[in-house]
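One-letter residues, chain by chain:
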Amino acid sequence: MADLLTDDEIARKAPDGWEREGDEIVKTYEFDDYLKGVEFVTRVGEVAEEQFHHPEIRVGYKEVEIRLTSHEEGGITEKDVRLAGLFDDEV
Ligand SMILES: C[C@H](O)[C@H](O)[C@H]1CNC2=NC(N)=NC(=O)C2=N1
């Protein structure tokens, strides 16, 4: 089981644009149209399944909010900050 990151580690390791909210890191991505956001969610889902680490995803109009936490560990781990970077690469 991965170790929980300290507050300082989260601040240092969370990629730009990702904010810490309690036991989660969160980012909202903006898109030119609704379906571009939906297509992005598909790519995110594929990465999540490959990594077997799954975010919560909210699809809005021209925006997608992604929340990451490590449920089994009960907080933010290296897996979360690593996946945040992988999701950014899918934009
Ligand atoms: C049994 C447990 O749900 C699995 O090991 C995986 C699936 N995906 C997961 N995703 C996230 N975000 N946290 C987990 O602890 C997690 N666990």
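Conventions we followed
- Residues numbered from 1 in each chain as written.
- Predicted model: local features only at pLDDT ≥ 70, side-chain atom pairs only at ≥ 80, totals over all residues.
- Heavy atoms only, no water.
- Helix = DSSP H or I, 4+ residues; strand = E, 2+ residues; numbered from the N terminus.
- Rg over C-alpha atoms; globule rule 2.2 N^0.38 Å.
- Buried < 20%, exposed > 50% of the residue type's maximum accessible area, 1.4 Å probe, protein only.
- Areas by Shrake-Rupley, 256 points an atom, 1.4 Å probe, with all protein chains shown as cover.
- Lys, Arg positive; Asp, Glu negative; His and termini not counted.
- Charge placed at Lys NZ, Arg CZ, Asp CG, Glu CD.
- Expected span 1.5 Å × (residues − 1).
- Arc of directions from axis to C-beta.
- pLDDT = per-residue confidence, 0-100.
- Salt bridge = Lys/Arg side-chain N within 4 Å of Asp/Glu carboxyl O.
- Near = heavy atom within 4 Å.
- Polar contact = N/O pair within 3.5 Å; in protein donor to acceptor, adjacent residues only side chain to side chain.
- Nonpolar A, V, L, I, M, F, W, Y, C, P; charged D, E, K, R; others polar.

Participant: How would you sum up the overall build of the protein chain? Please name residues and give values.
Facilitator: Each helix and strand in the protein chain was counted, giving 3 helices and 4 strands. A compact globule built from 91 residues would reach a C-alpha radius of gyration of about 12 Å, and the protein chain, at 13 Å, matches this within 12%. Each principal axis of the C-alpha atoms in the protein chain carries an extent, and together these give about 40 × 25 × 20 Å. Out of the 91 residues in the protein chain, the part that is buried amounts to 41%. When the accessible surface of the protein chain is split by element, carbon and sulfur atoms take 47% of a total near 5500 Å². Of the charged side chains in the protein chain, 11 are positive and 26 negative, and the gap between their average positions amounts to 2 Å.

Participant: Describe helix α2 (residues 34-51), and please don't skip the residues or the numbers.
Facilitator: Over its 18 residues, α2 extends 26 Å from the first C-alpha to the last, a length consistent with the 26 Å expected when each residue adds 1.5 Å. All of the buried residues in α2 are G37, F40, V41, V44, V47 and A48. Around the axis of α2, the buried residues are gathered within 125 degrees of arc, so they sit on the same side. What points out from α2, more than 90 degrees from its buried face, is the exposed set L35 and E50. Remark: F52 follows α2 within two positions and exhibits a positive phi of approximately 50 degrees.

Participant: Tell me what's going on with the confidence of the model for the protein chain, and back it up with residues and numbers.
Facilitator: Mean pLDDT over the protein chain stands at 97; residues scoring 70 or higher make up 99%. The ipTM assigned to the predicted complex is 0.92, against a pTM of 0.95.

Participant: Explain the pattern of salt bridges residue by residue, including any values.
Facilitator: For the structure shown, the criterion picks out 11 salt bridges. The closest approach of N and O atoms between D7 and R20, which form a salt bridge, is 3.1 Å. Taken together, the residues span a long stretch of sequence, with D7 in helix α1 (residues 7-13) and R20 in strand β1 (residues 19-21) at a distance of 13 residues. You can call D7 exposed: its relative accessible area is 56%.

Participant: Go over the site of the ligand, please, and point to the residues and values.
Facilitator: Taken together, F52, H53, H54, T69, S70, H71 and E72 make up the full set of residues near the ligand. At a separation of 2.8 Å, a nitrogen atom of the ligand approaches a polar side-chain atom of H54. Within the complex, the protein chains bury 68% of what would otherwise be the 390 Å² of accessible surface of the ligand. Grouping the constituent residues of the shell around the ligand by class yields 1 nonpolar, 5 polar and 1 charged.

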